[in-house]
Amino acid sequence: MKKNSPSSLVRLAKMMKPYRKYLYFVFFCVLISNLGVLVKPYLVKIIIDDFLTKGLPQHGIYSITGLGLSYFLVVLLSAGFTMAQRRTLARFGQAILHKLRSDVMDHILHMPIATLDRYGSGRLITRATNDVETLDEFYSDILVTLFQDILLLISLVFMMVQMDWQLALVAFVGIPLIALITILIRNVLERNFKRMKTIIGRINGFFAENIAGMRIIQVFNRQKNKLEEFQELNDSYLKTTMIQIKLHSVLRPAMEVVNSMIIALLIWFGYNRIVGNFGGSAVLELGVLYAFTDYVKQFFEPINELAETYTTIQSALVSADRIFTLLDEKDQEDPFEGDWDQPIVGKVEFRDVWFAYDEDNWILKGVSFTVESGEKVAFVGSTGAGKTTIINLIGRYYVPQRGTILIDGIPLERWKLKNLRSGISVVLQDVFLFVGSIADNISIHSNLDEAQIRKALDVSCASEFVEECGGLKSEVSEAGMNFSTGQRQLLSFARAIARNPAILVLDEATAHIDTETEQTIQNSITEISKNRTSIFIAHRLSTIQACDCIFVLEKGKIIEQGNHASLMGQNGKYAALVRSGQKE
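Residues numbered from 1 in each chain as written. Predicted model: local features only at pLDDT ≥ 70, side-chain atom pairs only at ≥ 80, totals over all residues. Heavy atoms only, no water.

**Some thoughts on the sheet that holds strand S1 (residues 348-356)**
1) Next: Taken together, four strands build an open sheet; the order of strands is S2-S1-S4-S5 and the sheet is antiparallel. The sheet is open, and its two borders are formed by strand S2 (362-371) and strand S5 (410-411), each paired with just one other strand.
2) Next: Alignment of S1 against strand S4 (residues 402-407), held across five bridges, turns out to be antiparallel. Counterpart to Val348 in the pairing with S4 is Ile407.
3) Next: Contacts from helix H12 (residues 387-394) reach S1, S2 and S4 within the one sheet, and its direction differs from that of S1 by about 115°. (Pairing = 2+ DSSP bridges. Helix = DSSP H or I, 4+ residues; strand = E, 2+ residues; numbered from the N terminus. Contact = heavy atoms within 4.5 Å. Axes fitted to C-alpha atoms, helices over the stretch in contact; angles between N-to-C directions.)

**Observations regarding the packing of aromatic side chains**
1) Next: Summed over the entire model, instances satisfying the criterion amount to 16 aromatic pairs.
2) Next: Joined through ring pairs, the aromatic side chains of Phe350, Phe369, Phe379 and Phe551 make up one cluster.
3) Next: Lying over the aromatic face of Phe324, Arg11 brings its terminal NZ or CZ to 4.1 Å of the ring centre.
4) Next: Between Arg402 and the ring centre of Trp354, over which it is positioned, the NZ or CZ distance is 4.9 Å. (Phe/Tyr/Trp six-rings, centres within 6.5 Å; stacked < 30°, edge-to-face > 60°. Lys NZ or Arg CZ within 6 Å of the ring centre and 35° of its normal.)

**Structural notes on the pattern of salt bridges**
Between side chains of opposite charge, a pair can form when the charged atoms approach closely.
1) Next: All chains considered together, the criterion is met by 13 salt bridges.
2) Next: For Glu133, the salt bridge is made with Arg101, and the minimal N-O distance between the two is 2.5 Å. With Glu133 in helix H5 (residues 121-163) and Arg101 in helix H3 (residues 64-109), this pair connects stretches of sequence that are 32 residues apart.
3) Next: A salt bridge links Glu229 to Lys226; the nearest nitrogen and oxygen atoms lie 3.7 Å apart. You can see Glu229 and its partner Lys226 sitting in helix H9 (residues 223-274), three residues apart, about one turn around the helix.
4) Next: Where salt bridges share partners, they join Glu450, Arg454 and Glu467 into one cluster. (Salt bridge = Lys/Arg side-chain N within 4 Å of Asp/Glu carboxyl O.)

**Looking at the environment of Ala538**
1) Next: Assignment of secondary structure puts Ala538 in the loop between strand S10 (533-537) and strand S11 (549-554).
2) Next: Judged by relative accessible area, Ala538 falls into the buried class, the value being 6%.
3) Next: In this structure, the C-alpha to C-alpha distance between Ala538 and His98, residues 440 residues apart in sequence, is 45 Å. (Buried < 20%, exposed > 50% of the residue type's maximum accessible area, 1.4 Å probe, protein only.)

**Let's talk about the sheet that holds strand S12 (residues 557-562)**
1) Next: On the basis of which strands lie adjacent, the open sheet formed by six strands has the order S6-S9-S10-S3-S11-S12 and mixed pairing. Because the sheet does not close on itself, it has two edges, and the strands there are strand S6 (424-427) and S12. Each strand axis lies, on average, 20° off the axis of its neighbour in the sheet, ignoring direction.
2) Next: Summarising the sheet, strand S3 (residues 376-381) and S10 pair through four bridges and their orientation is parallel. Paired with Phe379 across the strands is Ile537, a residue of S10.
3) Next: Each of S6 and strand S9 (503-507) touches helix H17 (residues 485-497); the most contacted strand, S6, lies at about 175° to it.
4) Next: Contacts from helix H20 (residues 573-580) reach S3, S11 and S12, with the element oriented near 95° to S11.

**Focus: the side chain of Ser437**
1) Next: Along the chain, Ser437 falls in strand S7 (residues 436-437).
2) Next: The exposure class of Ser437 is buried, given its relative accessible area of 14%.

**A closer look at the pairing of S2**
1) Next: Two elements, S1 and S2, share six bridges in a ladder whose sense is antiparallel. The residue bridging Ala356 from the neighbouring strand is Trp362, located in S2.
2) Next: Taking the residues that link successive antiparallel strands as the turn, the S1-S2 hairpin has five residues, and the phi of Asp360 there is positive, at about 70°.

**Topic: unusual backbone geometry**
1) Next: Although it is not a glycine, Asp352 adopts a positive phi angle of roughly 45°.
2) Next: The topology assignment puts Asp352 in strand S1.
3) Next: Residue Asp408 is not a glycine yet carries a positive backbone phi of 55°.
4) Next: On the basis of relative accessibility, which here comes to 23%, the residue Asp408 falls in the partly exposed class.

**Points about the packing of helix H15 (residues 450-459) against H17**
1) Next: Running from N to C, H15 and H17 cross one another at 130°; their axes reach a closest spacing of 8 Å. In terms of orientation, H15 and H17 fall into the oblique class. Between H15 and H17 lies a crossing of right-handed hand. Residues Ala456, Leu457 and Val459 of H15 touch H17, and the partners they reach there are Leu491, Ala494 and Ile497.
2) Next: Of the residues contributing to the contact of H15 with H17, the split by class is six nonpolar, no polar and no charged. (Parallel < 35°, antiparallel > 145°, perpendicular 65-115°, else oblique. Left-handed = near helix turned anticlockwise from the far one by under 90°. Nonpolar A, V, L, I, M, F, W, Y, C, P; charged D, E, K, R; others polar.)

Structural data, given as structure tokens:
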């Protein structure tokens, strides 16, 4: 990850551009509030020096009563504008975060599978949730607070120098000390925050993975072991959090000590000026000394606030870097890229295709084959032979390092991605269902009508159990866990064929279905496979014997191909698998 830099702060500020009119109003509120901070001590100074010390005549507003009421009105005015400032900030701050969440989600949705694999679910969840939430305080408070505090500091310096430059110099003695404390702690805070963000990403990934796999954990009685793994992560996060708390606890008290030291120094110096102990200096008025002590408190207050919120600022910058690193990821899928936008007919061709998920660890090694439109073909072979990889490459979820893949004679890279994937439907062995209704899971919120959905359910032999559980509007729980494994597989099958794809791919689609239901589905597959290219990945070799061609894969290469009868006649790998009844 790149080091956080002013560019992240600039980009965060630029996101406020559409809300300029609100920002201008907030800055106006800040000016009025700051003016109140400057005016209040000055009003008290007039009361002390003019009326309590000198006893000057009072009339109208120029009186203790008039100035007292003025003081109260200034307080009310400042409070009103501060409330308006905070409400306005909250309004457009939440609007920015709303857009940022949408941008992050949109970006993740268009990331290639290979890039998603590289990031991992935990890191992506952290960026979309924790990191975005961290920016909430930045937009709702910190950004304008920086402007407010800097403006207030400049105004206070001006007022103090104008009122008494000698007292002003005494007040400024503490600035180098504060700067030194901040610099010493800053680097430690930054490094520790990055560790915190990394660990929280791992924690999010751990939760996502283990909640999804909770049944496996309970089946093998590994709750204790998983808890121990989590405790290691949790302890690491606790340690980094405690470092932040300790450093944060040092900053504020240190600022308070410096503040009190300067006020004590001012009182000592001012007292000696008042009683004339410093002969060369002009006699100091009591009201000026009071105003100065008030201004010094106000002068160090924004510095104290900056010290107190430094961890929040640092966290916001780290989170901003992580979010912008994700959003700057150039590897994005464009559904409309490519120049070929014809509907798919169904011919699939691989020409000397080599592919590796990791560099030089080849999964496919020079694979070549042709599947004509409307053919039914199958790929068989041991685990790791490359069967599922072929499916991933056909849908262009990954790109081969060498060779060419063509659909209908057109290289994959020329196809508009939207057209390519609209013409290919895949049924996977591990079914994923979304929270919602059965109809939502079949259509995935597309423009399929009810008749198309019901037809797909009929063909997939899912209509009966769907009606039994309440129809198309029946609720689907998280990951479809309120249905049996076989029922989830049937719904996945219906989802695939509902779009009338030109190419139908089934990756162990009947693995979790009982024999009776499997035979019914095989009849349905025979019907829907007419005039459509069908590709099967099968361990149950009995389910693919009617295929036009069967490709046998071993260690990334096609070692045999032909129909069932010809392969049995070769008496090779396929024949051995069939005879042994081995399920691979």
